[in-house]
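# Fold and contact review
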Amino acid sequence: MESWRAVDVPSLPGAGQPLRLHDTATGEVRPVAAGRDARMYVCGITPYDATHLGHAATYLTFDLVNRVWRDAGHRVHYVQNVTDVDDPLLERAVATGQDWREIAARETELFRADMTALRVLPPEHYVGAVEAIPLVVELIERLKAAGNAYEVAGDLYFPVHADPRFGAVSGLDRDQMLALFAERGGDPDRPGKKDPLDCLLWQTARPDEPAWDSSLGHGRPGWHIECTAIALHHLGGPLDVQGGGRDLVFPHHEMGAAQAHVVTGEWPYARHYVHAGLVGLDGEKMSKSRGNLVFVSRLREQGEEPGAVRLALLAHHYRADWEWTGADLDTARRRLAAWRSAVAAPAGPDAGPLLAAVRERLADDLDAPGALRAVDRWAEEVRLRGGRDDRAPALVRATVDALLGVPL
């Protein structure tokens, strides 16, 4: 599957600081143990509807990780998937009378367009679930050969307690796991399972649903094994960052880690589990199932500048849960106008301290709001007192573009 096109990222003088991030598994903000090569896997969309602001906030989070790493001199290996066959997509196809493949192709292309508009750096590998089926089958065969897969009425399941560390990613107790598993696509009440939390690896073909021939029979992959197979194939282990929205901590990231631990014999699967907060609207999490969505594409169609949308999202810390209002865009438009006015001046205050401040804020668990405030202060200084450094506006323009992804 094709990724979206890359944007040029300005070079900055010097080098950025080592990145520190919050790790869900330990509950601590600590250095990301990235060597010269930094490896990141971020779970992608299920393309049955357009990109909403909750999606956008998540992918901007990991765009910042990418940018901070690059600024610090790392070679970034970034992989993202597309779950282009799964129950929500098939349900949407039935409800609308459309072919599931047409929906997936259309919404994936719209997602690419939204990411391009928001200047999100593209993944090195952008991989669909359908094209990854051979990788999934190979990984399941390895689990089977080691006795870590079993059958229920033709379907294959992974026994989660084959991994003695199961639960270490989320830190949840069993009752919490069972509740979330039922809520987020699991089937804890299915008869014949060894444990209610065991997750689906391969689903045998159902009437009127897509299926593929394989050594496992005619069927399709489960959700969790898809990401595990793609990440292990393209990045190996351990990952430096496994990322996604906070609603993926359990079961998705917990299950993926357990599968990887069992099949590779290596621990941890990821050194950092990094999760973005949830964006709400009208008092509820923004989600397709609730229908309370603000779409990036709709905002673009209404003439909103993507840079302003990006600034509106970056004004909230990535780990915070928050609620979208029209005031977010109003503030972002004013901020963007003030910054552009400042860099259009013939000179300004020395921008070296600003570059250092933005680097320092982003390296500290992606404090984007703090970075925005640093640029605000520089722009206000230009408005009030001007400056004598005719190179400063260009350096500020490059700083904001390279590290925050906003063109001025």
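Below is a short write-up of the structure. (Residues numbered from 1 in each chain as written. Predicted model: local features only at pLDDT ≥ 70, side-chain atom pairs only at ≥ 80, totals over all residues. Heavy atoms only, no water.)

## Re the side chain of D389
When you line up the elements, D389 lands in the loop between α12 (368–385) and α13 (392–404). Exposure remark for D389: the relative accessible area of 19% places this residue in the buried category. When near neighbours in sequence (up to four residues on either side) are disregarded, D389 contacts A347, G348 and D350. (Helix = DSSP H or I, 4+ residues; strand = E, 2+ residues; numbered from the N terminus. Buried < 20%, exposed > 50% of the residue type's maximum accessible area, 1.4 Å probe, protein only. Contact = heavy atoms within 4.5 Å.)

## Here's the deal with the sheet that holds strand β4 (residues 75–82)
Across the sheet, which stays open at both edges, the five strands sit in the order β5-β4-β3-β10-β11 with parallel pairing between neighbours. Where the open sheet ends on each side, the last strands, each with one partner, are β5 (125–128) and β11 (270–276). With strand direction ignored, the average angle separating the axes of adjacent strands in the sheet is 20°. Bridging between strand β3 (residues 37–42) and strand β10 (residues 239–245) involves three bridges; their strand directions are parallel. Following the sheet pairing, Y41 is matched in β10 by Q242. (Pairing = 2+ DSSP bridges. Axes fitted to C-alpha atoms, helices over the stretch in contact; angles between N-to-C directions.)

## What to know about the packing of aromatic side chains
Going through the model one piece at a time under the given rule, you end up with eight aromatic pairs. Taking the centre distance of 6.3 Å and the plane angle of 50° together, the rings of W322 and W324 count as tilted. Owing to a relative accessible area of 7%, W324 belongs among the buried residues under this scheme. Put simply, the rings of W4, Y59, F111 and Y126 touch in pairs and so form one group of aromatic residues. Here the guanidinium or amino end of K194 rests over the ring plane of Y150, the centre of that ring lying 4.7 Å away. (Phe/Tyr/Trp six-rings, centres within 6.5 Å; stacked < 30°, edge-to-face > 60°. Lys NZ or Arg CZ within 6 Å of the ring centre and 35° of its normal.)

## As for the environment of V85
Summarising the element assignment, V85 is placed in the loop between β4 and α2 (87–96). The exposure class of V85 is buried, given its relative accessible area of 4%. Separated by 305 residues in sequence, V85 and D390 have C-alpha atoms that sit 54 Å apart. Apart from the residues within four sequence positions on either side, V85 is in contact with W100, A129, V130, P210, W212 and R220.

## Concerning the pattern of salt bridges
Tallied over the full model, the rule gives 31 salt bridges. Residues D155 and R190 are paired through a salt bridge, measuring 2.7 Å at the closest nitrogen-oxygen approach. Of this pair, D155 sits in strand β7 (residues 155–158) while R190 sits in the loop between α5 (174–183) and β8 (199–204), and the two are 35 residues apart along the sequence. Given a relative accessible area of 0%, D155 falls into the buried group. What makes R190 partly exposed here is its relative accessible area of 23%. Taking the shortest distance from any N to any O, the salt bridge between D240 and R271 comes out at 3.0 Å. Of this pair, D240 sits in strand β10 while R271 is found in strand β11, placing the two residues 31 residues apart along the sequence. By relative accessible area, which is 30% here, R271 ends up partly exposed. (Salt bridge = Lys/Arg side-chain N within 4 Å of Asp/Glu carboxyl O.)

## Comments concerning the packing of helix α1 (residues 53–71) against α13
One can describe the packing of α1 onto α13 by two numbers: an axis separation of 8 Å at closest approach and a directional angle of 120°. Comparing the axis directions of α1 and α13 gives the class oblique. Contacts between α1 and α13 involve L64, R67 and D71 from the former and D401, A402, L403 and L404 from the latter. For the contact of α1 with α13, the class distribution of residues is four nonpolar, no polar and three charged. (Parallel < 35°, antiparallel > 145°, perpendicular 65-115°, else oblique. Nonpolar A, V, L, I, M, F, W, Y, C, P; charged D, E, K, R; others polar.)

## A short note on the packing of α2 against helix α3 (residues 100–117)
One way to put it is that α2 packs onto α3 with a least axis distance of 9 Å and a crossing angle of 115°. Relative to α3, the element α2 is oriented roughly perpendicular. In the packing of α2 onto α3, the handedness of the crossing is right-handed. Contact residues: L89, L90, R92, A93 and T96 in α2; W100, I103 and A104 in α3. Here the contact of α2 with α3 is composed, by residue class, of six nonpolar, one polar and one charged. (Left-handed = near helix turned anticlockwise from the far one by under 90°.)

## Examining α12
For α12, built from 18 residues, the straight-helix expectation of 26 Å at 1.5 Å per residue is met to within 8% by its first-to-last C-alpha distance of 26 Å. Contacts made by the buried residues of α12 are with α1, α9 (306–314), α10 (326–343), α11 (352–363) and α13. Its side-chain oxygen at 3.0 Å from the backbone nitrogen of G370, D367 defines the N-terminal cap of α12. Directly after α12, the chain includes G386, whose backbone phi takes a positive value near 70°. (Expected span 1.5 Å × (residues − 1). Polar contact = N/O pair within 3.5 Å; in protein donor to acceptor, adjacent residues only side chain to side chain.)

## Some details on the side chain of E304
Along the chain, the position of E304 falls in the loop between α8 (296–301) and α9. By relative accessible area, which is 17% here, E304 ends up buried. At a separation of 2.6 Å, a polar atom in the side chain of E304 contacts the side chain of R333. Residue contacts for E304: discarding those within four places in its chain leaves L299, V309, L329 and R333.

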